[in-house]
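Overview (structure and organization)
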Amino acid sequence: MSLPTDRLYQRIKFYLSLLKKKIIYEDEKKFIITVEERVNNEPLVVTVLYLPPVWIHIRAKLIDGSEMEKLGGSRYIIYRELLKLSFRSAEFKFAMDDQFNIYITEDIHIAALTFDVFEEEYNAIPAAYKTFHETIYPDMKALAESEKIDLT
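Figured I'd write up the structure that's included with this text. (Residues numbered from 1 in each chain as written. Predicted model: local features only at pLDDT ≥ 70, side-chain atom pairs only at ≥ 80, totals over all residues. Heavy atoms only, no water.)

Some thoughts on the sheet that holds strand E6 (residues 102-109)
So the rule is basically this: Two strands are said to pair when DSSP picks up at least two bridges between them. Strands here are runs of E lasting at least two residues and helices are runs of H or I lasting at least four, both read from the DSSP assignment and numbered beginning at the N terminus. Note on geometry: axes are C-alpha line fits, over the in-contact stretch for helices, and angles between N-to-C directions span 0 to 180 degrees. Whether two residues touch is decided by their heavy atoms; if any such pair falls within 4.5 Å, the residues are in contact.
Taken in spatial order, the six strands of this open sheet run E1-E2-E3-E4-E6-E5, and their pairing is antiparallel. Bordering the open sheet on either side are strand E1 (22-27) and strand E5 (94-96), each of which pairs with just one other strand. If you compare each strand with its neighbour and ignore which way they point, the axes differ by 30° on average. Alignment of strand E3 (residues 42-51) against strand E4 (residues 55-63), held across five bridges, turns out to be antiparallel. Residue pairing across strands places Leu-51 opposite Trp-55, the latter belonging to E4. Sheet strands touched by helix H3 (residues 75-88): E4, E5 and E6. Its angle to E5, the strand with the most contacts, is close to 145°.

In structure tokens form, the structure reads like this:
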């Protein structure tokens, strides 16, 4: 790891310590730091990583892809609601990986990486998780129940 990347990694760890976050996993060589959060007394794993050449990426999984797949065509209703929520909330950015897992994500350009910016972007993750689980997930469960789909 180059010296500037080492410094960047240490800065992120310092910011997490200032925020009193519990690091549960880290890999300095791969620049991955995993933090344990609690939202409404539920565990939430937040991952902070470096995306070369200039981005710090923060994310947490909202929905496992297997849950989305069980909804079949109805999953597009959830996608629509996520897009609407993202539009109404400037800090909420949702993404999907190749396995159809849905994430809340935030990105920070390393030139803008100050404590205030990091704190704001990091705190958007649990806020979006909470909003999702209070506003969209109950509808998702109701939709699954109406179509007799077992999400568990």
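Considerations on the packing of helix H4 (residues 115-135) against helix H5 (residues 137-146)
Defined as follows: Residues are grouped as follows: Ala, Val, Leu, Ile, Met, Phe, Trp, Tyr, Cys and Pro are nonpolar; Asp, Glu, Lys and Arg are charged; every other residue, Gly included, is polar.
One can describe the packing of H4 onto H5 by two numbers: an axis separation of 3 Å at closest approach and a directional angle of 35°. Residues Phe-132, His-133, Glu-134 and Thr-135 of H4 form the contact with H5, whose own contacting residues are Tyr-137, Pro-138 and Asp-139. Split by residue class, the contact of H4 with H5 holds three nonpolar, two polar and two charged.

Considering the side chain of Glu-121
Formally: For every residue, the accessible area (1.4 Å probe, protein chains only) is compared with the maximum for its type, and the residue is labelled buried under 20%, exposed over 50%, or partly exposed between those bounds. Counted as positive: Lys and Arg. Counted as negative: Asp and Glu, with His and the chain ends omitted from the count. Whenever Lys or Arg places a side-chain nitrogen within 4 Å of a carboxyl oxygen from Asp or Glu, that contact is recorded as a salt bridge.
Along the chain, Glu-121 turns up in helix H4. Among buried Asp, Glu, Lys and Arg side chains, Glu-121 stands out as unpaired, with Lys-93 the closest opposite charge at 8.3 Å. With residues near it in sequence (within four places) discarded, Glu-121 still touches Ile-58, Glu-91, Glu-106, Asp-107 and Ile-108.

What about the environment of Lys-70?
In this fold, Lys-70 is placed in helix H2 (residues 65-70). When the C-alpha atoms of Lys-70 and Asp-150 are compared, they prove to be 7.7 Å apart, with 80 residues separating the residues in sequence.

Here we look at the environment of Lys-141
Mapped onto the elements of the fold, Lys-141 is located in helix H5. Relative accessible area serves as the criterion here: at 29%, Lys-141 is assigned to the partly exposed category. For the pair Lys-141 and Glu-67, spaced 74 residues apart in the sequence, the C-alpha separation amounts to 10.0 Å.

A few points about unusual backbone geometry
Omega for the bond connecting Pro-52 with Pro-53 falls within 30 degrees of zero, at 10°, which places this linkage in the cis form. Inspection of the secondary structure assignment puts Pro-53 in the loop between E3 and E4. Non-glycine residue Lys-20 carries a positive phi angle of around 60°. If you trace the backbone, Lys-20 turns up in the loop between helix H1 (3-18) and E1.

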